[in-house]
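# Examination of the molecular architecture
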Amino acid sequence: MSNQQRIGARVLRRKPIDQLTHPGSELKRTMGVGHLTMISIGATLGSGIFVVLGEAVPLAGPAIVLSFALAGITALFSALSYAELAGLIPASGSSYSYTYATLGEIVAWVCGWCLVLEYGVSVAAVAVGWGQYVNELLHLVVGLRIPDVLSQPPGEGGIVNVPAVLVVVIAMLVLLGGSKGSARTNTILVWVKVGSLLMFCAVAFTALKAGNLQPLFPLGLAGLSAGAATLFFSYIGFDAASTAGEEAENPQRDLPRAIIISLVVITALYCAVALAAVGAMPWQTFEGKEAALSRVLTDNVDGAIWPILLSIGAVVATTSVVLTVLYGQTRILYAMSRDGLVPSIFAKLSPRTGVPFVNTVVVGLFIAVLAALVPLGSLADVTSIGTLFAFGLVNIAVVVLRRTEPDRKRTFRVPFSPVTPLVGLGFCVYMMFSLELDAWIAFLAWMALGFAVYFGYSVRKARLEVSGDQ
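The rules behind each value
- Residues numbered from 1 in each chain as written.
- Predicted model: local features only at pLDDT ≥ 70, side-chain atom pairs only at ≥ 80, totals over all residues.
- Heavy atoms only, no water.
- UniProt positions renumbered as here; feature names shortened; annotations may be inferred.
- Helix = DSSP H or I, 4+ residues; strand = E, 2+ residues; numbered from the N terminus.
- Buried < 20%, exposed > 50% of the residue type's maximum accessible area, 1.4 Å probe, protein only.
- Salt bridge = Lys/Arg side-chain N within 4 Å of Asp/Glu carboxyl O.
- Core = buried A, V, L, I, M, F, W, Y, C linked by side-chain atoms within 4.5 Å.
- Contact = heavy atoms within 4.5 Å.
- Polar contact = N/O pair within 3.5 Å; in protein donor to acceptor, adjacent residues only side chain to side chain.
- Patch = residues over 30% accessible without salt bridge, like charges linked within 9 Å, V, L, I, M, F, W, Y side chains within 5 Å.
- Areas by Shrake-Rupley, 256 points an atom, 1.4 Å probe, with all protein chains shown as cover.
- Axes fitted to C-alpha atoms, helices over the stretch in contact; angles between N-to-C directions.
- Parallel < 35°, antiparallel > 145°, perpendicular 65-115°, else oblique.
- Nonpolar A, V, L, I, M, F, W, Y, C, P; charged D, E, K, R; others polar.
- Expected span 1.5 Å × (residues − 1).
- Disulfide = S-S within 2.5 Å.
- pLDDT = per-residue confidence, 0-100.

Under an unreviewed UniProt entry, the name given to the protein chain is Basic amino acid/polyamine antiporter, APA family, and the source organism is Lentzea flaviverrucosa. The Subcellular location (unreviewed entry) field of the UniProt record for the protein chain holds the comment "Membrane".

Structure below.
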């Protein structure tokens, strides 16, 4: 076999599903369906509505409600594919593991590399939003704000975003304590933020003015899709739940349930809150507003207590997102490291807590630096494009696996396959091309770096032998 043939065989090799599920995994199985659902909701509910709403409303106008619905429908098609594969392949690597079993190592690497971008940048973006709400809360309670020099990134009037660094470090320390304790902490945070959003709806609807919702499409259908593409950043939560495949007590049964339940709850809440927000405050005034939901209550509702309570809920909500998405990032790198595609240090577990200790510290510190120095808008769009690309691959993986492993037991099956996964793929492609050129440039640059790492390191270090190809 020639050198080119050997390289071709290596990059196209697929990992058998029985190897991916790792029945002897050292990770501890401590999570039930409730924990998994809360991880999914925790990673999703908060970022889009608390953090990115102020960025997305100027793109879509009152149609932002439909933008959330469009993003939710797009996510639903992919979530169905995730549910089938999560029950079939309950592995830590999420869509990285799914594509390794179906589309080959090079595609799995690309997917995993996208997830590193998606999760890492997402945590940084939400951390930036956390700092905005902390500042708003300080202003409402004591009349002070953290100076821009310490609460804004370079280019936006500051030197370093200290609050964003703080929340990432806090989440990192919680994760180092073990997955069960982290899941319990997240469950408490999720209930607090759901209550906060329901309170916002109840209060903001009292200030609703029908004129604020007209015209519904001031920026046309292009505005609707641009808003949805930006907001898709908010829908990565069910992917985070699937990264817990090796820490779930009954992953084949519970992962599909957690994914579907969480997506329905999240989309309904997002649409309700968006309607209340643009109904209470003219969409043109969202431009440049930080902590947008708090400002809706401050400027349009009587009673000083409501924006304070909302800001507290937002701080809790975004803390939960940072915690759960950071968790997902470490588990994806753990899976890739175990396969030899990234250095083995990322798979080393703490003997006391059973968590990937060095992995968590390295990822946490890297994301803290990113959150300290990069503006929110840039982070959100780059996250969306990486998310959409990974979701598209998962839809393809379902179709391929139905053909290559038709008799393997599935605890959940995507209805009307292959039509449903292919529609999901189409939605993902459409949304990707609704994003700005800057997001594409950053994405392609990241992909170029990824291929350099793969062919310079990973293709030679991968533990899967060519002779074991399927």
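### Examining unusual backbone geometry
In this structure, Pro215 follows Gln214 across a cis peptide bond, with omega equal to -10°. Within the element layout of this structure, Pro215 appears in the loop between α10 (179-204) and α11 (220-231). Here Ser417 and Pro418 are connected by a cis peptide whose omega angle stands at 10°. Inspection of the secondary structure puts Pro418 in the loop between α17 (376-404) and α18 (419-432). In this structure, Phe416 takes a positive phi of about 60° despite not being glycine. The exposure class assigned to Phe416 is exposed, which follows from its relative accessible area of 71%.

### With respect to the pattern of salt bridges
Scanning the entire structure with this criterion turns up 7 salt bridges. A salt bridge links Lys15 to Asp339; its shortest N-O distance comes to 2.2 Å. A residue pair is termed long-range when its members are at least 10 positions apart, and Lys15 in the loop between α1 (3-12) and α2 (17-20) and Asp339 in the loop between α15 (305-338) and α16 (357-373) qualify at 324 residues. Grouping residues by exposure puts Lys15 and Asp339 together as buried. Put simply, Arg253 and Asp254 hold a salt bridge, and the shortest N to O gap is 2.6 Å. We classify Arg253 as partly exposed; its relative accessible area is 42%. Through salt bridges that share partners, Glu84, Arg402 and Arg410 make up one connected network.

### Some details on the nonpolar core
If you look at soluble globular proteins, the nonpolar side chains tend to sit buried side by side. Judged by nonpolar contacts, the single largest core of 149 residues is most densely connected at Ile49, Phe50, Ile64, Phe68, Phe200 and Leu293. For this core, the leading source of residues is helix α7 (residues 105-142), giving 21 residues.

### A word on the environment of Tyr96
Mapped onto the elements of the fold, Tyr96 is located in helix α6 (residues 95-102). Using a relative accessible area of 0% as the deciding quantity, one classes Tyr96 as buried. When the C-alpha positions of Tyr96 and Gly303 are compared, they lie 48 Å apart, and in sequence the two are 207 residues distant. Contacts of Tyr96, omitting those with residues within four sequence positions, involve Ala108, Cys111, Gly112, Leu115, Ala335, Met336, Asp339 and Leu341. Within the local environment of Tyr96, its side chain forms a polar contact with the side chain of Asp339, the two groups lying 2.6 Å apart.

### Structural notes on a nonpolar patch on the surface
Together, Leu66, Leu216, Phe217 and Leu221 give the surface a local cluster of nonpolar side chains, amounting to about 350 Å² of exposed area. Positionally, Phe217 belongs in the loop between α10 and α11.

### Quick word on the packing of helix α9 (residues 162-176) against α16
Close contact between α9 and α16 brings their axes to 8 Å; oriented N to C, the two are set at 170°. By the angle class used here, α9 and α16 are roughly antiparallel. Touching Ala164, Val165, Val168, Met172, Leu175 and Leu176 of α9 are Phe357, Thr360, Val361, Gly364, Leu365, Ile367, Ala368, Ala371 and Ala372, all from α16. Looking at the contact of α9 with α16, its residues break down into 13 nonpolar, 2 polar and no charged.

### Describing the side chain of Gln329
Inspection of the secondary structure puts Gln329 in helix α15. Assessed through its relative accessible area of 3%, Gln329 is described here as buried. Reaching out from Gln329, the side chain makes a polar contact with the backbone nitrogen of Gly120 at a distance of 3.0 Å. Apart from the residues lying within four places of it in its own chain, the contact partners of Gln329 are Leu115, Val116, Tyr119, Gly120 and Val363.

### Quick look at α15
The end-to-end C-alpha separation of α15 is 50 Å, in line with the 50 Å expected for 34 residues at 1.5 Å each. A large share of α15 lies buried, amounting to 30 of its 34 residues. One or two residues past the end of α15 sits Gly340, with phi positive at roughly 85°.

### With respect to the environment of Ser94
Along the polypeptide, Ser94 turns up in the loop between α5 (64-88) and α6. On the basis of relative accessibility, which here comes to 0%, the residue Ser94 falls in the buried class. Through-space distance from the C-alpha of Ser94 to that of Ala226 is 27 Å; in sequence the pair is 132 residues apart. Contact partners of Ser94, with chain neighbours within four places excluded, come to Tyr82, Asp239, Ser242 and Thr243.

### Considering the state of the cysteines
Within the structure shown, the criterion is met by 0 disulfides. Of all cysteine sulfurs, the one in Cys114 lies closest to Cys111, which takes part in no disulfide; the gap is 6.6 Å. Residue Cys111 is classed as buried on the basis of its relative accessible area of 0%. You can see Cys271 has no disulfide; the closest cysteine sulfur is in Cys201, sitting 11 Å from it. Look at Cys271 and you get buried, because its relative accessible area is 17%.

### Description of α6
Counting buried positions along α6 yields 8 of 8 residues, so the element is predominantly enclosed. For α6, every residue scored as buried is listed here: Ser95, Tyr96, Ser97, Tyr98, Thr99, Tyr100, Ala101 and Thr102. In the stretch just after α6, Gly104 is the one whose phi turns positive, near 105°.

### Comments concerning the confidence of the model for the protein chain
Residues at a pLDDT of 70 or more form 90% of the protein chain, whose mean pLDDT is 83. Within the protein chain, the lowest mean pLDDT, 66, falls on α1, and the highest, 92, falls on α18. Per-residue pLDDT stays below 50 along residues 466-470; that stretch engages in 10 contacts with residues further than four places along the chain or on separate chains.

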